[in-house]
Every structure is written in structure tokens, then in C-alpha cells.
Amino acid sequence: MFFFDSLVRVRAGTRTDRGGNPVPDWSAGAVDRLTVDQLNIQPASQTENQDATRTAVVTGWRVQSAEGTRPDITAADRLEWRGMTLEVQGEVAEWSDPITGKPHHIEFTMTRATG
């Protein structure tokens, strides 16, 4: 595979709500951005749902990191790629090297919902 793609991982900061509980803070000054490269990003799925008021489209891409990499991406993060803001669908799968047991690469699906 070729690992020429990159994206920006956006991680929420935290703030305290009026009940004193920590909650995610997605405001511009609170988030942490990290450029992640050495990725292979390929189309994975597209679904369309229609009702009387709208047509919703969910598009997904499969993301795999290069061998020997373990980018800092979690299911709670948002991702910026090609002018879109996307979400991690499900959990990030970490694949271990069968010989050494060390991280070999990660895989996950990112999705964008419109409509």
C-alpha cells in the first residue's frame, strides 16, 4: 500500500459545566490539533436515507497507518481532511506485529454525515 495521505486530528479540550463536571470543549481555543501523515485513506461506504424533510447521506473512508506507526487518534477525536470535518466511526483498531508484539499499524473508519 501507499501511505501518502495526511489529515488533522482535532481533540477536544475540557471545561467545567455549571454542575462542576468536566465536559468536552470544542471551541477553537480549547482544541488540540495534530497533523498525522503516513496514512492510506480509501473510500469505504455511502448510504442515503430519505424522509419527507431531507435526504441524509453518510459517507465513510477506511484509514490505515503505515507499518510501524501508531498515530495518536482515538474514537473521541474529530478529523479534518480535504476541507471536511469527520468523526471516527467505532473504535480505532491497533494491529500488533505477530512476531514482536509491538504495534504494527492502526485502522479505523471515518465518516461524514450531511443532510
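First, a word on what this report is: a plain description of the structure on this page. (Residues numbered from 1 in each chain as written. Predicted model: local features only at pLDDT ≥ 70, side-chain atom pairs only at ≥ 80, totals over all residues. Heavy atoms only, no water.)

Ranked by internal contacts, the top residues of the largest apolar core, which has 16 residues, are L7, I41, I73, W81, F108 and M110. Breaking this core down by element, the ones donating at least two residues are β4 (32-50), β5 (55-65), β6 (78-81), β7 (84-96) and β8 (103-114). If you tally residues by element for this core, the top one is β7, at 4 residues. Once residues within four sequence positions are removed from consideration, M110 is found in contact with L7, I41, T59, G60, W61, V63, L79, W81, L86, E87, V88 and Q89. (Core = buried A, V, L, I, M, F, W, Y, C linked by side-chain atoms within 4.5 Å. Buried < 20%, exposed > 50% of the residue type's maximum accessible area, 1.4 Å probe, protein only. Helix = DSSP H or I, 4+ residues; strand = E, 2+ residues; numbered from the N terminus. Contact = heavy atoms within 4.5 Å.)

Bringing the packing of aromatic side chains into the picture now. Under the counting rule described, the total for this entry stands at 2 aromatic pairs. On the basis of an interplanar angle of 15° and a centroid distance of 5.8 Å, the ring pair of F2 and F4 is categorised as stacked. One Lys or Arg, R78, reaches over the ring of W26 and ends 3.8 Å from the middle of that ring. (Phe/Tyr/Trp six-rings, centres within 6.5 Å; stacked < 30°, edge-to-face > 60°. Lys NZ or Arg CZ within 6 Å of the ring centre and 35° of its normal.)

Okay, the pattern of salt bridges next. Scanning the model with the defined rule gives 7 salt bridges in all. The residue R62 makes a salt bridge to E107 at a minimum N-O spacing of 2.9 Å. Here E107 lies in strand β8 and R62 lies in strand β5, a separation of 45 residues in the sequence. For E107, a relative accessible area of 14% corresponds to the buried category. Close ionic contact of R70 with E94 constitutes a salt bridge, the shortest N to O distance being 2.8 Å. Within this pair, whereas R70 is found in the loop between β5 and β6, its partner E94 is found in strand β7, the two being separated by 24 residues in sequence. Looking at R70, the relative accessible area reads 36%, which means it is partly exposed. Through salt bridges with shared partners, a single ionic network connects R9, R11, D32, D72 and D77. (Salt bridge = Lys/Arg side-chain N within 4 Å of Asp/Glu carboxyl O.)

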